[in-house]
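# Structural description and commentary
Given next are the chains, with one letter for each unit.
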Amino acid sequence: MIHLENVSKSYRTERIETLALDSINLEVETGEFVAIMGPSGCGKTTLLNLMGLLDTPDQGTLSLDGEAIGKQSDRSLSRLRNRKVGFIFQNFHLVGDLSVVDNVEIPLLYRTLSSRERRELAAEALGRVGLSSRISHLPAQLSGGQQQRVAVARAIVGRPQVLLADEPTGNLDSQMGDEILDLLEELNRDGGTVVMVTHDPRMAERAHRTVRLFDGRQVQ
Ligand SMILES: Nc1ncnc2c1ncn2[C@@H]1O[C@H](COP(=O)(O)OP(=O)(O)OP(=O)(O)O)[C@@H](O)[C@H]1O
Ligand SMILES: [Mg+2]
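Let me sum up the structure you'll find in this document. (Residues numbered from 1 in each chain as written. Chains lettered and ligands numbered in written order. Predicted model: local features only at pLDDT ≥ 70, side-chain atom pairs only at ≥ 80, totals over all residues.)

## A short note on the site of ligand 1
Near ligand 1 there are 13 residues, and of these Tyr11, Ser40, Lys44, Thr45 and Thr46 occur at the shortest range. Elements with a minimum of two residues in the shell around ligand 1: β2 (17-28) and α1 (44-51). When residues in the shell around ligand 1 are grouped by element, the largest group, 3 residues, is from α1. The class makeup of the residues in the shell around ligand 1 is 3 nonpolar, 9 polar and 1 charged. (Near = placed C-beta within 6 Å. Helix = DSSP H or I, 4+ residues; strand = E, 2+ residues; numbered from the N terminus. Nonpolar A, V, L, I, M, F, W, Y, C, P; charged D, E, K, R; others polar.)

Pasting the structure below:
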């Protein structure tokens, strides 16, 4: 489903160049549930961004669901991303002046659905994360853990083939964290491919396997 061959990525700022990923080779099969672990700054978010077509490698090749990434226009990349990928960002990325339910509807805007169908799907996703009573709130009116759950609802609302989750339980207490993991597992059982960054070995244990990064390199 996701195939990376010799993928490298560096960031340049005025003063320094950081090699964030160094020759990564990785294959994530359809229906797999993979955890990514490693210390802060080792390249986990960078790797997830590449897998989710939010960024492109400097070197190497990447393909998603058999489609080689690289030559497409930004527009066709976003279309591919929107059709296939759900993303739970490390810092939520909720839109501050949209209500909870409007945030969750965002991935559905590019699909041919009536506004009523969109609302129903968004309400259902919010129900699954236990937030039915908060659909009209603004993100700022929610706790950090609740915002995290809105981000989860937005990522799963379109039933993506690939779910990329960047520390989806980082802001949650352990019970809520377990419940989010239940949702990821459910999506995975339905055939979805899940890649999750986590610092928590207990969460990683629930994945099929763990990929470890250190200083931009894969160590296991
Ligand atoms: N936009 C950017 N510009 C410059 N350097 C960056 C940028 N984004 C990330 N980096 C650098 O690339 C390296 C990898 O960053 P990345 O965000 O992938 O780490 P991470 O493993 O997700 O860390 P954390 O666990 O803290 O989220 C870090 O050294 C970071 O400073
Ligand atoms: Mg990160």
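Read on, since the account is not over.
## Digging into the sheet that holds strand β5 (residues 67-69)
Taking strand neighbours across the sheet as the criterion, the 4 strands line up as β2-β1-β4-β5 in an open arrangement whose pairing is antiparallel. Only two strands of the sheet have a single neighbouring strand rather than two, namely β2 and β5. Neighbour to neighbour, the strand axes of the sheet diverge by 30° on average, direction disregarded. Judged from the 8 bridges that link them, strand β1 (residues 2-12) and β2 form a sheet pairing that is antiparallel. Within β2, the position partnered with histidine 3 by the bridge is glutamate 27. (Pairing = 2+ DSSP bridges. Axes fitted to C-alpha atoms, helices over the stretch in contact; angles between N-to-C directions.)

## Observations regarding unusual backbone geometry
Apart from glycine, the bulk of residues carry a negative phi angle, and the bulk of peptide bonds sit in the trans form. Although it is not a glycine, asparagine 6 adopts a positive phi angle of roughly 50°. Tracing the backbone shows asparagine 6 in strand β1. For asparagine 6, a count of 12 C-beta atoms within 10 Å corresponds to the exposed category. Phi is positive for aspartate 215, close to 50°, though the residue is something other than glycine. Secondary-structure assignment places aspartate 215 in the loop between β9 (209-214) and β10 (217-218). Judged by the 14 C-beta atoms lying within 10 Å of it, aspartate 215 falls in the partly exposed class. (Buried ≥ 20, exposed ≤ 12 C-beta atoms within 10 Å, placed from the backbone.)

## Focus on the sheet that holds strand β6 (residues 85-88)
With mixed pairing, the 6 strands of this open sheet are ordered in space as β6-β7-β8-β3-β9-β10. Looking at which strands have only one partner, the edges of the open sheet turn out to be β6 and β10. Pairing between strand β7 (residues 162-166) and strand β8 (residues 193-197): 5 bridges, direction parallel. Directly across from leucine 163, in β8, lies its bridge partner valine 194. Along the sheet, α1 makes contact with β3 (33-37), β7, β8 and β9, crossing β8 at roughly 155°. Helix-sheet contacts for helix α5 (residues 144-156) involve β6 and β7, and the interaxial angle to β6 is about 175°. (Contact = placed C-beta atoms within 7 Å.)

## Some thoughts on α1
In terms of burial, α1 is a largely internal element, 7 of the 8 residues being buried. Positive phi appears at leucine 53, one or two residues downstream of α1, with a value of about 60°.

## Quick look at α5
A rise of 1.5 Å per residue sets the reference length of α5, with its 13 residues, at 18 Å; its end C-alpha atoms lie 19 Å apart and thus fit the reference within 8%. Among the 13 residues in α5, 11 count as buried, and that is most of the element. For α5, the full list of buried residues reads Gln146, Gln147, Gln148, Arg149, Val150, Ala151, Val152, Ala153, Arg154, Ala155 and Ile156. Residues of α5 that are buried sit in contact with β6, α3 (100-105), α4 (115-128), β7 and α6 (174-189). (Expected span 1.5 Å × (residues − 1).)

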